[in-house]
Amino acid sequence: MNCLSFPAADGGQTADGGLTFCTSDGTVYENPGYLTRSERKLKREQKKLSRRQKGSNRYNRQRQKVNRLHAKVRHQRQDQIHL
């Protein structure tokens, strides 16, 4: 599978519409889609947090859950960049 050649600003990686990732040596990596699922889950959990009353125990538990998901998404993005 060929990757469309978009000029990368740093000369490192280029993306083909979010479907694949290509390195400068031509190695092609498929996008597994786990990041999209995690972002959807984060969105859902943030929505739940917005419905909680601030300062309550459930609010604090939900806030911790959202914080963990933010960290998970951040790590997944870093892992995807540093293939």
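A brief report on the enclosed structure follows. (Residues numbered from 1 in each chain as written. Predicted model: local features only at pLDDT ≥ 70, side-chain atom pairs only at ≥ 80, totals over all residues. Heavy atoms only, no water.)

Here we come to a positive patch on the surface. A contiguous patch of positive charge, built from R37, R40, K41, R44, R52, R58, R61, K65, R68 and K72, is present on the exposed surface. Contributions of two or more residues to the positive patch are made by helix 1 (34-51) and helix 2 (57-81). Broken down by element, the residue count for the positive patch peaks at five residues, all from helix 2. (Patch = residues over 30% accessible without salt bridge, like charges linked within 9 Å, V, L, I, M, F, W, Y side chains within 5 Å. Areas by Shrake-Rupley, 256 points an atom, 1.4 Å probe, with all protein chains shown as cover. Salt bridge = Lys/Arg side-chain N within 4 Å of Asp/Glu carboxyl O. Lys, Arg positive; Asp, Glu negative; His and termini not counted. Charge placed at Lys NZ, Arg CZ, Asp CG, Glu CD. Helix = DSSP H or I, 4+ residues; strand = E, 2+ residues; numbered from the N terminus.)

Turning our eyes to something else, we now look at the nonpolar core. Grouped together as the largest cluster of nonpolar side chains are seven residues: L35, L42, L49, Y59, V66, L69 and V73. Sorting the residues of this core by element identifies helix 1 and helix 2 as the ones contributing at least two each. Apart from the residues lying within four places of it in its own chain, the contact partners of Y59 are L49, R52, Q53 and K54. (Core = buried A, V, L, I, M, F, W, Y, C linked by side-chain atoms within 4.5 Å. Buried < 20%, exposed > 50% of the residue type's maximum accessible area, 1.4 Å probe, protein only. Contact = heavy atoms within 4.5 Å.)

Within the secondary structure layout, R68 lies in helix 2. With 26 residues separating them along the chain, R68 and L42 place their C-alpha atoms 9.4 Å apart.

It is worth spelling out the side chain of Q76 at this point. Looking at where Q76 falls in the secondary structure, it is placed in helix 2. For Q76, the contacting residues outside a window of four places in its chain are Y34, L35 and S38.

Glancing now at the pattern of salt bridges. Once their charged atoms are close, side chains differing in charge can pair, the charge on each being opposite to the other. For the structure shown, the criterion picks out two salt bridges. One salt bridge in this structure joins R77 and E39, with 2.6 Å as the shortest N-O distance. Placement of the pair is R77 in helix 2 and E39 in helix 1, with a sequence separation of 38 residues. Owing to a relative accessible area of 42%, R77 belongs among the partly exposed residues under this scheme. What makes E39 partly exposed here is its relative accessible area of 31%. Here E45 and K48 are joined by a salt bridge, their closest N and O atoms 3.6 Å apart. Of the two residues, E45 and K48 both sit in helix 1, three residues apart, roughly one turn of that helix.

Since its relative accessible area comes to 6%, E45 is described here as buried. E45 has contacts with Q62, K65, V66 and L69, leaving out every residue within four places of it along the chain.

Time to look at the packing of helix 1 against helix 2. The N-to-C vectors of helix 1 and helix 2 enclose an angle of 160 degrees; their axes lie 9 Å apart at closest approach. Relative to helix 2, helix 1 is oriented roughly antiparallel. By crossing handedness, the relation of helix 1 to helix 2 is classed as left-handed. Its residues assigned to classes, the contact of helix 1 with helix 2 shows eight nonpolar, six polar and nine charged. (Axes fitted to C-alpha atoms, helices over the stretch in contact; angles between N-to-C directions. Parallel < 35°, antiparallel > 145°, perpendicular 65-115°, else oblique. Left-handed = near helix turned anticlockwise from the far one by under 90°. Nonpolar A, V, L, I, M, F, W, Y, C, P; charged D, E, K, R; others polar.)

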